[in-house]
Amino acid sequence: MIIGSHLDSVPNGGWLDGALGVMAGFEALRMFKDRRPPVTIKVVDWADEEGARFGRSLLGSSAAAGALDVSEVAHLADKTGTRLVDALKENGVDLARMHEAQAFLKAIDARAYLELHIEQGPVLEALNKPTGVVLGTFGVERHLLRFTGQAAHSGSTPIPMRRDAFLAAAESALAFRDIAIRHTTPAARVVCTVGTVKTEPGIVTAVPGVCEISLDQRALDAAVLAEMLDDARAAAAAAAKSNNVTVEWKRIWQIDPRPFDPRLIQLCSEAVREVTGDAPLLPSGPLHDAAEMVPHMPVVMMFAYSSNGLSHCKEEDTPEPHLEKTITAFLRLVEKTVTSA
Ligand SMILES: [Zn+2]
């Protein structure tokens, strides 16, 4: 069995992200200092989970999972121009040989992968629960939409005669919010976000002739995510038509949902309920190393409450009684997993 997390962080990050999971792994090993566990337990500190320096997240775990394309990262460099391949070499790692970690993972033939992490969001706090059971990591569809109308003088062009690209984008953004609300059920929350907007010519006295927005959609269910994307395409087309503009889509990034193992979710729920009295189930918005392990073995994650929902900043924290309960629940999950593996 493998317990994994990461010790790397982001600039000005907090004290729990990643590190909590590695420390919980050591704590799990300590449980067995005087007795032999029924199966071997390995603790892994994955390299470069955050991708904060070179922009590629999950570097170590994707190499072990066989999902790292060396040609895609070979050209990456940090802000000072240092190349990823050279930074790795300084630390005794040969990028071209990183995929060999795959053979190591295969040889372990692990029956389960467990990861404890802080939630990094506000859901457990809103429920006033110290600990949550994670159902999987969201799939993501990320696109850039370019609406094209006609730039025109803002004083001389009557409203009905305009081809305003921004208004089409704005109507689409409102529709995307409704799509997220429509597809959210009590058991499955989904999200749609328009995070960037750019208009041309971008001056106060012109009707925007071009408007570009980003759309980031996330869901745990692949069929729901596909439906959300279809709905968004239809909504953008309708908004474009009613504003007499055109719209083009460009995919920026996509990743499939990674649902966790039902039996381990069950064990995790039991462990959390025994310690905290309740076992809230929630998906993970952020990606984690656990997602890379999903194709290879049964996986589950446990979340600890994040104060004010904050992470990747100095304010990141979890109240001590909540931490204690969560680690106790995690050790219980380890115990249940090794005895049932
Ligand atoms: Zn993390």
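Residues numbered from 1 in each chain as written. Predicted model: local features only at pLDDT ≥ 70, side-chain atom pairs only at ≥ 80, totals over all residues. Heavy atoms only, no water.

(A) Region of the structure containing the overall build of the chain. If you tally the helices and strands in the chain, you get 11 helices and 14 strands. Taken along the three principal axes of its C-alpha coordinates, the chain extends 85 × 50 × 35 Å. Residues classed as buried in the chain amount to 47% of the 341 residues present. Across the chain, every contact between residues at least 6 apart in sequence was considered, and the portion connecting residues at least 24 apart equals 78%. As presented, the chain carries roughly 16700 Å² of accessible surface, and 55% of it is formed by carbon and sulfur atoms. (Helix = DSSP H or I, 4+ residues; strand = E, 2+ residues; numbered from the N terminus. Buried < 20%, exposed > 50% of the residue type's maximum accessible area, 1.4 Å probe, protein only. Contact = heavy atoms within 4.5 Å. Areas by Shrake-Rupley, 256 points an atom, 1.4 Å probe, with all protein chains shown as cover.)

(B) Structural view of the environment of Lys 89. Tracing the chain through its elements places Lys 89 in helix α4 (residues 84-90). Distance in space between the C-alpha atoms of Lys 89 and Arg 258 is 32 Å, their sequence separation being 169 residues.

(C) Examining the environment of Arg 263 more closely. Within the secondary structure, Arg 263 sits in helix α9 (residues 262-276). Distance from Arg 263 to Val 299, taken between C-alpha atoms, is 9.3 Å for residues 36 residues apart in sequence. Within polar-contact distance, the side chain of Arg 263 engages the side chain of Ser 340 at 3.1 Å. (Polar contact = N/O pair within 3.5 Å; in protein donor to acceptor, adjacent residues only side chain to side chain.)

(D) Region of interest: a nonpolar patch on the surface. On the surface, a cluster of nonpolar side chains totalling about 280 Å² of accessible area is made up of Met 23, Phe 26 and Leu 29. Looking at where Met 23 falls in the secondary structure, it is placed in helix α1 (residues 19-31). (Patch = residues over 30% accessible without salt bridge, like charges linked within 9 Å, V, L, I, M, F, W, Y side chains within 5 Å. Salt bridge = Lys/Arg side-chain N within 4 Å of Asp/Glu carboxyl O.)

(E) Representation of the pairing of strand β1 (residues 2-6). The buried fraction of β1 amounts to 5 of the 5 residues, a majority that puts the element mostly inside the structure. The two faces of β1 match: Ile 2, Gly 4 and His 6 on one face and Ile 3 and Ser 5 on the other face are all buried. Two elements, β1 and strand β2 (residues 42-46), share 5 bridges in a ladder whose sense is parallel. The residue of β2 that forms the bridge with Ile 3 is Val 43. (Pairing = 2+ DSSP bridges.)

(F) Structural detail: the pattern of salt bridges. As enumerated under the stated definition, the model contains 16 salt bridges in all. Here Arg 53 and Asp 78 are joined by a salt bridge, their closest N and O atoms 2.8 Å apart. Residue Arg 53 is found in the loop between β2 and α2 (59-65), and its partner Asp 78 is found in the loop between α3 (70-73) and α4; the two are separated by 25 residues along the sequence. Linking Arg 97 and Glu 100 is a salt bridge whose minimum nitrogen-to-oxygen distance equals 3.1 Å. On the basis of relative accessible area, Glu 100 is assigned to the partly exposed category, the value being 40%. Each of Glu 270, Glu 274, Arg 332 and Lys 336 takes part in one network of salt bridges that share partners.

(G) Main features of the coordination of the zinc ion. Only His 6 (NE2), Asp 17 (OD) and His 117 (NE2) from the protein reach the zinc ion as donors, at distances of 2.0 to 2.2 Å. Binding-site remark: the zinc ion is held by donors from one chain whose sequence spacing is H-x10-D-x99-H. Placement of the pair is His 6 in strand β1 and His 117 in strand β3 (residues 113-118), with a sequence separation of 111 residues. Each member of the pair, His 6 together with His 117, is buried. (Donors = N, O, S within 2.8 Å, 3.2 Å for Na, K, Ca; no water.)

(H) Quick peek at α1. The terminal C-alpha atoms of α1 lie 19 Å apart, and with 13 residues this matches the ideal 18 Å at 1.5 Å per residue to within 8%. Where α1 is concerned, the buried positions are Leu 20, Gly 21, Val 22, Ala 24, Gly 25 and Ala 28. The elements touched by buried residues of α1 are β1, β2, β3, β14 (299-304) and α11 (320-340). (Expected span 1.5 Å × (residues − 1).)

(I) Broad picture of the nonpolar core. Counting residues in each nonpolar core, the largest one holds 50 residues, and the members touching the most others are Met 1, Phe 330, Leu 333 and Val 334. Considering each element in turn, this core owes the most residues, 7 residues, to α11. When sequence neighbours within four positions are dropped, the list of residues in contact with Leu 333 reads Leu 114, Leu 264, Leu 267, Cys 268, Ala 271, Val 300 and Met 302. If you look at the next biggest cluster of nonpolar residues, it comprises 21 residues, including Val 190, Ile 213, Ala 219 and Met 228. (Core = buried A, V, L, I, M, F, W, Y, C linked by side-chain atoms within 4.5 Å.)

(J) Seen up close, the side chain of Ser 5. Among the structural elements, Ser 5 can be located in strand β1. Not counting the four nearest positions on each side in its chain, Ser 5 is found in contact with Gly 18, Gly 21, Val 22, Val 44, Asp 45, Trp 46, Tyr 113, Glu 115, Leu 116, His 117 and Asp 289.

(K) A look at helix α8 (residues 222-242). With 21 residues, α8 should cover 30 Å at 1.5 Å per step; its first-to-last C-alpha distance of 30 Å lies within 8% of that length. Looking at the packing, one finds that the buried side of α8 touches β5 (139-148), α7 (165-183), β7 (191-193), β10 (210-219) and β11 (246-255). A positive phi of about 60 degrees marks Asn 244, the residue just after α8.

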